[in-house]
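Remarks on the overall topology
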Amino acid sequence: MTKKSIKTKHGDIQLPAFMPDATYGSIRMISFSDAKLACVSEIVTTTLHIEQKIGSLYIKDFGGIHKFFGWDRPILTDSGGWQVFSLINHKNRNTNKKHSDNKNFYTEAGCSFIDETGKQFLLTPESSIQIQLNLGSDIMTALDNPISNDSSLKLRRDAVKINTLWAKRAKKYFDKEVEKFPDRPLLGAVIQGANDFELRKISACDLLELDFDVYNYGGMPLHSPISWLTESPIGFNREMLHYVADLIPNEKVKYAMGVGQPDDIAYCVDAGWNLFDTVLPTRNARHGYLYVSEGQGEDTKEYSFINKKIINKRVAYDVLHLKSKRYEFDEKPIDENCDCEACKTVGRAYLRYLIRLKDPSGFRLATIHNLRFYSKWMELLKR
Ligand SMILES: [Zn+2]
C-alpha cells in the first residue's frame, strides 16, 4: 500500500495530492484565498526565485513564509537545482541572449551562475537547505543536479554522482540544523539519471541509503526535450516513471515533479506516485484551455487503471478550448458539474470574451476553475 497522508506542522496532506506552483511566491492571477476557494490544500514554491527577489533572511525576520504569504497550509520548496539547470542549459528567454557558458556552471562544490542582477551566485547543498530553513518550509528538497536526456553517457554518469554527493551533504546539514526542532520539516531527494534506466536505478539506490522522507522524480518526464520556445511537451515517459516508482519503497512519499496532465497524473497514481505539481492548470487557463467533466467539452481524455490493486477503474475528462468560435453565444457555465466561482457566476461567452481581451479578471476565473478541476480530480483518484 502506498502512503495515505503526510504529516506536517501546517496540517496533513492527503495523498495523492496536487500542488499548484507558486513560482516567485505567487500562483499567477489568483490570491491564496482564491486558491483556498478552489480547494487547494498545499502549494509548492521556488526557493531560488524567492531568495533572489526578496531574500530568505527578510522572510525569516518577517516570521516565516506562511505568515508572509498569509497561507496556513503546507508549503513544499524546491531546491533551486532546476532553475540553475535551466540557466546553464538554455537561452535566457526574456532577453534572448545566451548566458556565457563559462559563468554558469556546476562543480562538486555547487552551482555557480550569474543571477538576474548580473551578480555571480553560488548555490551549494548547504546554502539551499539554509534558505529553505529561513523560509520555514514544511517539505524541503536537497539540491539536485538535473541532466539533459541528450547529453553524453559520461556527463550523465558524472551528474548522477554529483547529485548523490549533494544529497548527502544536504542531509548532513539538514540533520544537524533540525536536531533541536520540536517538529522537524520533511526532506526530499531528487532521483536523476535522465532517460537512462540503469542510471535512474543507481541514483535511486544511492539516495535510498541516505533515508529521505520524500523521493522525487527529477528531470523532464518526457520522451524528448521540450521546446523552450514553444514550451510544448513532446511525449510523456510513462515507462520510466513506472520503473522509478517501483524502485522506491511504499512507506516513502513518491513525488513526480512537473507531472502533469490529469490523465498522466492518473497513470502515475496507478504506478505508485502520490505527490504532483505542474503549471499546466494555471498556464493553460490563461490560454482558455479548460479542464471539464466528461461530456462538457470537446476532446475526451481517459485513463483506465491496470494496477492489480485497482483494476478496471476508469477516469475521464474533457478539454474545452474556450477561445473557439463555437462558444461565442454559449450562455452555459464552463462546466455544469462544477461548483467553482467561475462556473457559478459567468457563462462561457462572457469568459471567452474576457480571455480574448486578456483581461486579468478572465484569467483569474479560468485559473480558479482549472485548479478546482484538479482538486476534484485528485479526490477521484483517492478512491
Ligand atoms: Zn468551475
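Residues numbered from 1 in each chain as written. Predicted model: local features only at pLDDT ≥ 70, side-chain atom pairs only at ≥ 80, totals over all residues. Heavy atoms only, no water.

**Quick notes on the coordination of the zinc ion**
Tetrahedral coordination by four donors puts the ideal angle at the metal at 109.5 degrees, and octahedral coordination by six puts it at 90 or 180 degrees. Only Cys-338 (SG), Cys-340 (SG), Cys-343 (SG) and His-369 (ND1) from the protein reach the zinc ion as donors, at distances of 2.2 to 2.3 Å. Seen from the zinc ion, its 4 donor atoms lie at angles of 98 to 116°, and the figure they make is tetrahedral. Judged by relative accessible area, Cys-340 falls into the buried class, the value being 2%. Residue His-369 is classed as buried on the basis of its relative accessible area of 0%. (Donors = N, O, S within 2.8 Å, 3.2 Å for Na, K, Ca; no water. Tetrahedral: all angles 85-135°; square planar, octahedral: opposite > 155°, others 65-115°. Buried < 20%, exposed > 50% of the residue type's maximum accessible area, 1.4 Å probe, protein only.)

**A word on the nonpolar core**
In this structure, Ile-43, Leu-123, Phe-212, Ile-265, Trp-273, Phe-276 and Leu-381 are the most contacted members of the largest nonpolar core, which totals 91 residues. Among the elements that line this core, the one with the most residues is helix H14 (residues 360-382), at 10 residues. Those residues in contact with Ile-43 that lie beyond four places of it in its chain are Met-19, Pro-20, Ala-22, Ile-27, Phe-32, Phe-69, Trp-71, Pro-74, Ile-75 and Leu-76. Counting residues in each nonpolar core, the second largest holds 15 residues, with Leu-15, Ile-139, Leu-186 and Tyr-255 among its members. (Core = buried A, V, L, I, M, F, W, Y, C linked by side-chain atoms within 4.5 Å. Helix = DSSP H or I, 4+ residues; strand = E, 2+ residues; numbered from the N terminus. Contact = heavy atoms within 4.5 Å.)

**Quick word on the packing of helix H7 (residues 153-178) against helix H8 (residues 197-209)**
In helix packing, the relevant descriptors are the interaxial angle and the interaxial distance, both defined with respect to the helix axes. Contact pair H7 / H8: the axes reach a minimum separation of 10 Å and the direction vectors enclose 10°. With respect to H8, the axis of H7 lies roughly parallel. The two elements H7 and H8 cross, and the hand of that crossing is right-handed. Contacts from Leu-153, Arg-156, Arg-157, Val-160, Asn-163, Thr-164 and Ala-167 in H7 reach Leu-199, Ile-202, Ser-203, Asp-206 and Leu-207 in H8. (Axes fitted to C-alpha atoms, helices over the stretch in contact; angles between N-to-C directions. Parallel < 35°, antiparallel > 145°, perpendicular 65-115°, else oblique. Left-handed = near helix turned anticlockwise from the far one by under 90°.)

**Remarks on the side chain of Arg-372**
Structurally, Arg-372 can be placed in helix H14. Those residues within four positions of Arg-372 in sequence are excluded, and the remaining contacts are Ala-38, Cys-39, Cys-338, Asp-339 and Cys-340.

**Overview of the sheet that holds strand E6 (residues 105-106)**
Read across the sheet, 3 strands follow the order E6-E7-E8 without closing on themselves; strand pairing throughout is antiparallel. Here the strands that pair on one side only, and so sit at the sheet edges, are E6 and strand E8 (120-123). (Pairing = 2+ DSSP bridges.)

**Points about the layout of surface pockets**
Of the pockets and cavities examined, the second largest pocket occupies roughly 550 Å³. Counting residues per element, the ones that place at least two in the lining of the second largest pocket are helix H9 (238-247), helix H10 (262-271) and H14. Counting residues per element, the lining of the second largest pocket draws most heavily on H10, at 4 residues. (1 Å grid on protein atoms, 1.4 Å probe; cavity = no way out; pocket = protein on both sides within 12 Å on 5 of 7 lines; lining within 4 Å. Points joined across faces, edges and corners; volume = space filled by probe spheres on them.)

**Considering the sheet that holds strand E16 (residues 314-321)**
Strand order in the open sheet formed by 3 strands is E14-E16-E15, and the pairing between neighbours is antiparallel. Across the chains shown, the open sheet's two edge strands, defined by having one partner strand only, are strand E14 (289-293) and strand E15 (299-304). Direction aside, the axes of adjacent strands within the sheet are offset by 30° on average. Strand direction decides the pairing type here: E15 and E16, joined by 6 bridges, are antiparallel.

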